[in-house]
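Residue-level listing of the chains:
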Amino acid sequence: MKLGIVGLPNVGKSTLFNSLTKAGAESANYPFCTIDPNVGVVAVPDPRLKLLGDFYHSKKVTPAVIEFVDIAGLVKGASKGEGLGNQFLANIREVDAILHVVRCFADDNVIHVDGSVDPLRDIETINLELIFADLEVIERRMAKVGRTAKMDKGAGKEYALLEKIKAHLEDGQPAKTLEPEDEDQQATMKEYNLLTTKPVIYAANVSEDDLEDDAVGNEMVQKVRGYADAEGSEVFVICAQIEEEISELEEEEKKEFLEDLGIAESGLDKLITASYRLLGLLSFLTSGEDETRAWTIKVGTKAPQAAGKIHTDFERGFIKAEVVNYRDLLDCGSYAGAREKGLVRMEGKEYVVQDGDVILFRFNV
């Protein structure tokens with residue numbers, strides 16, 4: 001999973017990136033301190049892995065990972081070259097979802113690029129820049145397809161779709177709110193890789209005082225939640241400064257620190273929960289003496305395709321999947337014990353993999 005972090009300058013983007021990845025991206029109280037996109041890879045926290053690793057005495061434990069791409073702060077006119085220009089927008093075309101950091105705290109010591117704190121205005125500013133960047137992509141494609149649109153039926157059909165998308169974007173609407181007429185249009189739109197088709201997770205960056213009650217009393221956060229609900233996006237509350245402090249602590253210290261703050265989970269945990277929910281993902285597990293590992297797949301994935309996540313030969317030569325829920329396996333104390341109780345099942349090609357399944361794939365090529 002790959003997430004692109006966007007936002008206006010000085011909203012806490014790079015501070016959050018630092019805390020999530022411990023990559024040490026430069027963070028300062030002035031715009032454009034991130035000159036190049038920073039990339040960091042983060043292990044997905046999953047307590048099941050340690051339990052299974054201990055159970056099998058695995059030599060190696062490999063978690064699922066998320067890749068974060070931190071983009072320089074965008075400003076109004078970025079798509080036309082303002083600030084550091086739209087070169088950074090290209091860096092998020094390949095991400096699975098956009099993590100939009102929104103400032104929801106007042107602090108006279110931290111400059112706001114527009115002179116005041118208004119999260120909805122900030123969201124609209126970024127969204128418009130993404131729309132403008134998509135318009136540029138569509139117009140370039142129209143110029144290319146338009147040459148043969150009158151003579152070629154396929155090109156003519158695509159040109160009509162491009163005109164429809166262009167009008168939608170010019171109306172200030174993101175491409176994801178445009179319903180394709182059929183599967184062909186849906187596939188064509190996917191090829192354009194438009195920024196405004198990507199799912200969005202809003203990170204409402206608040207002060208430490210607003211953390212304990214999940215910012216229910218923060219009017220700015222409530223506005224962001226209302227906006228996100230209307231477009232089907234996810235929201236989670238963080239204090240980027242606190243997250244950076246948490247990232248420096250050992251696991252036990254981290255738990256104590258979170259308890260002292262009166263919060264149940266870190267921003268990274270909240271983000272991963274929101275990401276998996278928004279993108280419709282789950283993790284199945286493989287475990288043994290050599291390695292215990294988490295594999296991320298789409299909800300609804302069938303056993304052969306899940307096997308293909310490990311190796312294409314597993315999918316090509318799929319025979320059966322030996323499946324047991326990780327909790328059942330641990331409770332029984334051994335694989336043999338789980339089998340005796342009928343908790344280990346042999347599943348075929350139509351089996352839909354569930355979160356927490358421990359699977360041994362049988363295949364032959």
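Residues numbered from 1 in each chain as written. Predicted model: local features only at pLDDT ≥ 70, side-chain atom pairs only at ≥ 80, totals over all residues. Heavy atoms only, no water.

Draft legend 1. Summary view of the sheet that holds strand S7 (residues 234-238). Pairing within the open sheet is mixed, and its six strands lie in the order S2-S4-S1-S5-S6-S7. The open sheet has two edge strands with one neighbour each: strand S2 (38-43) and S7. With strand direction ignored, the average angle separating the axes of adjacent strands in the sheet is 25°. Here four bridges tie strand S1 (residues 2-6) to strand S5 (residues 97-103), and the two strands are oriented parallel to one another. Bridging from a neighbouring strand, valine 6 pairs with histidine 100 of S5. Taken strand by strand, helix H3 (residues 119-145) contacts S1, S5 and strand S6 (200-205), and its axis lies near 145° from that of S5. Lying over the sheet, helix H9 (residues 267-279) contacts S1, S2, strand S4 (65-70), S5, S6 and S7, oriented at roughly 180° with respect to S7. (Pairing = 2+ DSSP bridges. Helix = DSSP H or I, 4+ residues; strand = E, 2+ residues; numbered from the N terminus. Axes fitted to C-alpha atoms, helices over the stretch in contact; angles between N-to-C directions. Contact = heavy atoms within 4.5 Å.)

Draft legend 2. Structural view of helix H10 (residues 303-310). Within H10 the residues assigned to the buried category are Ala303, Pro304, Ala306, Ala307 and Gly308. Contacts made by the buried residues of H10 are with strand S8 (281-287), strand S9 (291-298), helix H11 (312-316), strand S10 (318-325) and strand S12 (357-363). (Buried < 20%, exposed > 50% of the residue type's maximum accessible area, 1.4 Å probe, protein only.)

Draft legend 3. Quick peek at the environment of tyrosine 335. Mapping tyrosine 335 onto the fold places it in helix H13 (residues 335-340). Tyrosine 335 has contacts with Phe55, Tyr56, Glu322, Val324, Leu329 and Val344, leaving out every residue within four places of it along the chain. A polar side-chain atom of tyrosine 335 sits 2.8 Å from a polar atom in the side chain of glutamate 322. (Polar contact = N/O pair within 3.5 Å; in protein donor to acceptor, adjacent residues only side chain to side chain.)

Draft legend 4. Region of interest: the confidence of the model for the protein. Here the protein averages 86 in pLDDT, and 88% of its residues register 70 or above. Scored below 50 in pLDDT, residues 24-35 shows 33 contacts in the model against residues more than four places distant or in partner chains. (pLDDT = per-residue confidence, 0-100.)

Draft legend 5. Examining the nonpolar core more closely. Within the largest apolar cluster, 67 residues are counted, with the highest numbers of intra-cluster contacts made by Leu16, Phe68, Ile92, Leu99 and Leu271. Considering each element in turn, this core owes the most residues, six residues, to H9. Ignoring anything within four residues of it in the chain, the contact list for leucine 271 reads Leu3, Leu20, Phe68, Leu99, Ile201 and Phe236. With 16 residues, the next largest nonpolar core counts Leu135, Met142, Leu162 and Ile165 among its residues. (Core = buried A, V, L, I, M, F, W, Y, C linked by side-chain atoms within 4.5 Å.)

Draft legend 6. Layout of the environment of isoleucine 131. Mapped onto the elements, isoleucine 131 comes out in helix H3. Overall, isoleucine 131 belongs to the buried group, its relative accessible area being 3%. Residues isoleucine 131 and threonine 197, spaced 66 residues apart in sequence, show a C-alpha to C-alpha distance of 9.9 Å. In this structure isoleucine 131 touches Leu169, Gly172, Gln173, Pro174 and Thr196, once residues within four positions along its chain are discounted.

Draft legend 7. View of the layout of surface pockets. Counted as a void, the largest pocket has a volume near 950 Å³. For the largest pocket, the lining is made up of 28 residues, of which Asp96, Lys190, Pro199, Leu279 and Lys298 are closest to its centre. Among the elements of the structure, helix H5 (183-192) and S9 are those that each provide at least two residues to the lining of the largest pocket. Residue contributions to the lining of the largest pocket peak at six residues, all from S9. Its residues assigned to classes, the lining of the largest pocket shows 16 nonpolar, four polar and eight charged. In terms of lining, the second largest pocket is formed by 25 residues, of which the most central are Pro45, Glu251, Lys254, Leu268 and Asp269. Take the lining of the second largest pocket: its biggest share by element is four residues, from helix H8 (residues 251-261). For the lining of the second largest pocket, the per-class residue count stands at 12 nonpolar, four polar and nine charged. (1 Å grid on protein atoms, 1.4 Å probe; cavity = no way out; pocket = protein on both sides within 12 Å on 5 of 7 lines; lining within 4 Å. Points joined across faces, edges and corners; volume = space filled by probe spheres on them. Nonpolar A, V, L, I, M, F, W, Y, C, P; charged D, E, K, R; others polar.)

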